[in-house]
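A look at the structure
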Amino acid sequence: MSKPVTNPQTLQWQAMSREHHLAPFSDYQQLAEAGPRIITRGNGVYLWDSEGHKILDGMAGLWCVALGYGREELVQAASKQMRELAFYNTFFQTAHPPALELAKAISEVAPKGMNHVFFTGSGSEGNDTMLRLVRHYWACKGQPNKKVIISRINGYHGSTVAGASLGGMKFMHEQGDLPIPGIEHIPQPYWFGEGGDMSPEAFGVWAADQLEKKILELGVDNVAAFIAEPIQGAGGVIIPPDSYWPRIKEILAKYDILFVADEVICGFGRTGEWFGSDYYDLAPDLMTIAKGLTSGYVPMGGLIVSDKVFDVINAGGDFNHGFTYSGHPVAAAVGLENLRILREEKIIQQVKEETAPYLQKRLRELADHPLVGEVRGVGMLGAIELVQNKATRERFSGDVGVGMVCRGHCFANGLIMRAVGDTMIIAPPLVISKTEIDELVDKARQCLDLTAAQVLG
Ligand SMILES: *Cc1c(COP(=O)(O)O)cnc(C)c1O
């Protein structure tokens with residue numbers, strides 16, 4: 001279904017891939033046979049590949065390019081900072097202006113009482129930092145036995161040893177003896193896939209109650225924290241039933257454990273609020289951030305720490321943890337400029353009031369398609385469930401690979417939609433316009449038709 005290669009350079013790059021490049025989350029034999037699609041350029045919500053095809057990027061890179069490609073101000077911020085001070089560390093009682101100014105700017109947009117930022121190079125490192133900081137917190141409080149972190153099956157928290165362990169992806173755990181000890185998983189609030197005959201509301205309460213059950217099973221004196229994405233991203237844009245978060249909050253209030261919101265995808269405007277925690281009123285104790293923080297122009301992540309947690313570790317002596325690139329000045333300068341643009345151009349307000357309602361309305365038009373079992377979404381996040389039988393939510397057999405078939409048609413027709421199993425997901429740049437949303441949804445329907453023609457015969 002992919003078109004034959006016409007640019008000789010494409011073949012050269014594909015040979016380099018085959019001979020030298022180990023790509024993330026890839027089957028190397030498969031990749032070598034097909035050859036990667038080579039992306040060479042981006043502007044606004046569009047990408048171009050080495051064959052000259054223009055593609056609407058419905059995934060904002062990998063959930064991160066909030067401001068779209070080619071924002072000159074971000075380029076300027078990076079080059080200016082590189083000339084001024086390309087690198088210095090923030091270890092051993094030194095600092096530099098960009099890291100300090102970004103920490104302050106993040107505190108200004110973060111939920112109330114979340115005023116302290118530890119910088120990392122990625123979301124995974126943010127969650128590694130979280131694990132160490134949370135255990136340090138309880139040790140400082142004289143409760144060193146409180147070590148276990150509860151997370152959810154099919155959650156995604158990164159790919160380092162701690163990140164992959166915190167995540168609930170079975171195929172990741174299967175490699176390298178994960179999860180590490182001290183991490184426990186509970187079921188996810190995925191009604192469409194796992195709700196059976198329950199109503200979404202009843203299922204949401206059931207899924208939340210699994211947290212209480214797990215806390216009691218482990219003993220509250222052993223539990224340090226619960227971590228969750230406000231909306232699961234990589235797991236398939238899983239939006240909990242309305243009953244889920246209020247019940248989780250009740251349970252967390254009852255027991256003395258910390259709440260960590262992994263905001264790597266939801267943070268910085270994706271839901272139409274600054275954070276997913278604002279959207280659901282979660283009031284977490286810690287928040288992991290990355291991706292949208294710099295619009296992906298340079299790597300950066302971090303952990304936002306509440307006053308409550310800070311006050312304890314502040315009195316606890318050295319926190320023996322850090323990365324060479326914690327608060328990297330160039331990344332911090334880009335992050336600052338990214339935040340300035342989000343605020344001054346009122347981009348999140350525009351998402352909330354204009355473009356997200358439009359995207360959600362247009363996406364739901366796809367619910368009438370014969371392949372589509374459910375369309376759901378919040379803000380600039382959306383999911384389309386592909387099914388064999390709309391009424392019973394019955395799936396296609398795995399051999400069909402309907403999600404990958406659909407993804408192939410999308411790529412071939414100038415649209416990036418990701419497939420998580422048979423769930424098609426989107427998370428376009430926050431700056432996508434209504435006209436571009438029309439193009440996205442029209443192309444999605446065209447590709448659903450092509451997919452239906454192929455799999456339904
Ligand atoms: C992407 C992601 C991470 C990991 O971030 P990296 O920068 O890839 O390490 C962690 N949590 C969530 C929710 C993510 O989507």
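What you see is a predicted model, and the numbers here were worked out from it, not measured in a lab.

1. Description of the environment of Gly-44
Residue placement: Gly-44 occurs in the loop between β1 (39-43) and β2 (46-49). With relative accessibility at 28%, the residue Gly-44 sits in the partly exposed group. Note: C-alpha distance between Gly-44 and Pro-200 (156 residues apart in sequence) is 37 Å. Not counting residues up to four positions away in its chain, the partners in contact with Gly-44 are Gly-68 and Tyr-69.

2. Observations concerning the site of the ligand
The environment of the ligand is formed by Ser-122, Gly-123, Ser-124, Tyr-156, His-157, Gly-158, Glu-229, Asp-262, Val-264, Ile-265 and Lys-291. The separation between a nitrogen atom of the ligand and a polar main-chain atom of Tyr-156 is 3.4 Å. Between the ligand and Lys-291 there is a distance of 2.6 Å, counted from an oxygen atom to a side-chain nitrogen or oxygen. Tallied by class, residues from the shell around the ligand come to three nonpolar, five polar and three charged.

3. Comments concerning the sheet that holds strand β8 (residues 258-262)
Pairing within the open sheet is mixed, and its seven strands lie in the order β4-β10-β9-β8-β7-β5-β6. Edge positions in the sheet fall to β4 (114-120) and β6 (183-186), since each has one partner strand and no second. Pairs of neighbouring strands in the sheet enclose a mean axial angle of 25°, with direction left out of account. Relative to β8, strand β7 (residues 223-228) is paired through four bridges, and the arrangement is parallel.

4. Some words on the side chain of Ser-50
Along the chain, Ser-50 turns up in the loop between β2 and β3 (54-57). Judged by its relative accessible area of 9%, Ser-50 falls in the buried class. When residues no more than four places from it in sequence are discounted, the contact partners of Ser-50 are Asn-7, Thr-10, Trp-13, Ile-38 and Thr-40.

5. Description of the sheet that holds strand β15 (residues 423-426)
The sheet built from four strands is open, its strands ordered β11-β12-β15-β14 with antiparallel pairing. Unpaired on one side and paired on the other, β11 (372-378) and β14 (418-420) mark the two borders of the sheet. This sheet shows a mean twist of 25° between the axes of neighbouring strands, independent of strand direction. For β11 and strand β12 (residues 381-386), the ladder comprises six bridges, and the chain directions are antiparallel.

6. Here we look at the side chain of Asp-285
Along the chain, the position of Asp-285 falls in the loop between α12 (276-279) and β9 (286-289). For Asp-285, a relative accessible area of 11% puts it in the buried group. Setting aside residues up to four positions removed in sequence, Asp-285 forms contacts with Met-114, Ile-257, Leu-258, Phe-259, Ile-304, Val-305, Ser-306, Lys-308 and Val-309.

7. Section: helix α1 (residues 8-20)
Between its first and last C-alpha, α1 extends 18 Å over 13 residues, near the 18 Å set by a 1.5 Å rise per residue. Against α2 (28-34) lie the buried residues of α1. Two or three places before Gln-9, at the opening of α1, Asn-7 has a side-chain oxygen 2.9 Å from that residue's backbone nitrogen.

8. Quick word on helix α17 (residues 434-456)
Between the first and last C-alpha of α17 there are 32 Å, a value that for 23 residues agrees with the 33 Å anticipated at 1.5 Å per step. When α17 is considered as a whole, its buried residues turn out to be Glu-436, Ile-437, Leu-440, Val-441, Lys-443, Ala-444, Cys-447, Leu-448, Thr-451 and Ala-452. Positive phi appears at Gly-457, one or two residues downstream of α17, with a value of about 75°.

9. Comments concerning the pairing of β11
Among the seven residues in β11, five count as buried, and that is most of the element. A loop of two residues connects β11 with β12, the two strands running antiparallel in sequence, and Gly-379 in this loop sits at a positive phi of about 55°.

10. With respect to the domain arrangement of the protein
Each assigned domain of the protein is listed with its residue range as follows: domain 1 (37-70 + 348-456) and domain 2 (72-345). Counting residues at the interface gives 36 residues for domain 1 and 34 residues for domain 2. Summed over both sides, the interface between domain 1 and domain 2 buries roughly 2,800 Å², with carbon and sulfur atoms accounting for 62% of that surface. For the pair domain 1 and domain 2, the interface holds one salt bridge. The partner of Lys-352 in a salt bridge is Glu-273, with the nearest N and O atoms 2.8 Å apart. Linking domain 1 with domain 2 are 16 residue pairs in polar contact (both at pLDDT 80 or more). Listed by contribution, the elements that provide at least two residues to the side of domain 1 that touches domain 2 are α3 (60-63), α15 (347-364), β11, β12, β14 and β15. The element that contributes the greatest number of residues to the side of domain 1 that touches domain 2 is β11, accounting for five residues. Residue classes in the side of domain 1 that touches domain 2 are distributed as 21 nonpolar, eight polar and seven charged.

11. Examining a nonpolar patch on the surface
On the surface, Leu-85, Phe-87, Tyr-88 and Tyr-325 cluster together into a nonpolar patch covering about 380 Å² of accessible area. On the basis of relative accessibility, which here comes to 41%, the residue Tyr-88 falls in the partly exposed class.

12. A few points about the pattern of salt bridges
For side chains bearing opposite charge, pairing can occur when the charged atoms are close. Under the counting rule described, the total for this entry stands at 26 salt bridges. Between Asp-49 and Arg-37 there is a salt bridge, with the nearest N and O atoms lying 2.7 Å from each other. Here Asp-49 is found in strand β2, whereas its partner Arg-37 is found in the loop between α2 and β1, with twelve residues between them in sequence. With a closest N to O distance of 2.7 Å, Arg-340 and Glu-344 form a salt bridge.

13. Concerning the nonpolar core
Counting 67 residues, the largest nonpolar core has Ile-106, Phe-275, Leu-342, Leu-386 and Met-417 as the members making the most contacts within it. Non-local contacts of Ile-106, meaning those with residues more than four positions away in its chain, are made with Val-117, Phe-119, Ile-289, Leu-293, Ile-304 and Leu-339. Core analysis: the second largest hydrophobic core is formed by 40 residues, Leu-47, Tyr-69, Val-223 and Phe-411 among them.

Rules used throughout
Residues numbered from 1 in each chain as written. Predicted model: local features only at pLDDT ≥ 70, side-chain atom pairs only at ≥ 80, totals over all residues. Heavy atoms only, no water. Helix = DSSP H or I, 4+ residues; strand = E, 2+ residues; numbered from the N terminus. Buried < 20%, exposed > 50% of the residue type's maximum accessible area, 1.4 Å probe, protein only. Contact = heavy atoms within 4.5 Å. Near = heavy atom within 4 Å. Polar contact = N/O pair within 3.5 Å; in protein donor to acceptor, adjacent residues only side chain to side chain. Nonpolar A, V, L, I, M, F, W, Y, C, P; charged D, E, K, R; others polar. Pairing = 2+ DSSP bridges. Axes fitted to C-alpha atoms, helices over the stretch in contact; angles between N-to-C directions. Expected span 1.5 Å × (residues − 1). Domains from an automatic or database assignment. Buried area = accessible area lost by both parts, 1.4 Å probe. Salt bridge = Lys/Arg side-chain N within 4 Å of Asp/Glu carboxyl O. Patch = residues over 30% accessible without salt bridge, like charges linked within 9 Å, V, L, I, M, F, W, Y side chains within 5 Å. Areas by Shrake-Rupley, 256 points an atom, 1.4 Å probe, with all protein chains shown as cover. Core = buried A, V, L, I, M, F, W, Y, C linked by side-chain atoms within 4.5 Å.

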